[in-house]
Amino acid sequence: MMDCNERIRALREDRDLTRTFVAEMLHVGQKTYSDYELGRTRIPLDSVIILAKYYNVSMDYICGVSRPCLKIGGMPNGERFFRQSRQIFAGGLTPGKKI
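Residues numbered from 1 in each chain as written. Predicted model: local features only at pLDDT ≥ 70, side-chain atom pairs only at ≥ 80, totals over all residues. Heavy atoms only, no water.

So, the overall build of the protein chain
Part 1: The number of helices and strands found in the protein chain is six helices and two strands.
Part 2: Ordered by position in the sequence, the α and β elements of the protein chain form the string α-α-α-α-α-β-β-α.
Part 3: When burial is assessed residue by residue, the protein chain has 28% of its 99 residues classed as buried.
Part 4: Considering only contacts within the protein chain whose residues lie at least 6 apart along the sequence, 42% involve residues at least 24 apart.
Part 5: Element-wise, carbon and sulfur atoms account for 54% of the exposed surface of the protein chain, whose accessible area totals about 7100 Å². (Helix = DSSP H or I, 4+ residues; strand = E, 2+ residues; numbered from the N terminus. Buried < 20%, exposed > 50% of the residue type's maximum accessible area, 1.4 Å probe, protein only. Contact = heavy atoms within 4.5 Å. Areas by Shrake-Rupley, 256 points an atom, 1.4 Å probe, with all protein chains shown as cover.)

Right under this line is the structure:
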């Protein structure tokens, strides 16, 4: 499993961004941001929030708590769960029955 520092580096590199660009976006110095990526310094929560919004991923994903959302049946897992649970609680679907 990837650590937070590995995830933020991979996200940055996947988008061909420089450390300087991301550091400026977070309002920190380039060395500070490099320390985040190298695991020397823990990245603050407010920076994780900014990166999650910018990269369009969850904070859980950046922190290594979850994997990227996989699409099943044309919708993200969370949306599928939401629809199922709404139908179950409305009495329109029995648990275990497919939508």
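From this point on, the discussion continues.
Comments concerning helix α3 (residues 30–38)
Part 1: Along α3, the positions that sit buried rather than exposed are Y33, S34, D35, Y36 and E37.
Part 2: Buried positions along α3 lie against α1 (4–14) and α2 (19–26).
Part 3: The first or second residue beyond α3 is G39, which carries a positive phi of 80 degrees.

Thoughts on the environment of V65
Part 1: Turning to its location among the elements, V65 is positioned in the loop between α5 (59–63) and β1 (71–72).
Part 2: Taking the C-alpha atoms as reference, V65 lies 9.3 Å from M2; in sequence the two are 63 residues apart.

Quick word on the side chain of R7
Part 1: Mapping R7 onto the fold places it in helix α1.
Part 2: Buried and without a salt bridge, R7 has E6 as its closest oppositely charged side chain, separated by 7.0 Å.
Part 3: Ignoring any residue separated from it by four or fewer positions in sequence, one finds R7 in contact with M2, Y61, I62, G64 and S66. (Lys, Arg positive; Asp, Glu negative; His and termini not counted. Salt bridge = Lys/Arg side-chain N within 4 Å of Asp/Glu carboxyl O.)

Topic: the packing of α1 against α3
Part 1: The contact between α1 and α3 brings their axes to 6 Å, and the two run at 115 degrees. Mapping the contact onto sequence places N5, I8, R9 and R12 in α1 and Y33, Y36, E37 and L38 in α3. (Axes fitted to C-alpha atoms, helices over the stretch in contact; angles between N-to-C directions.)

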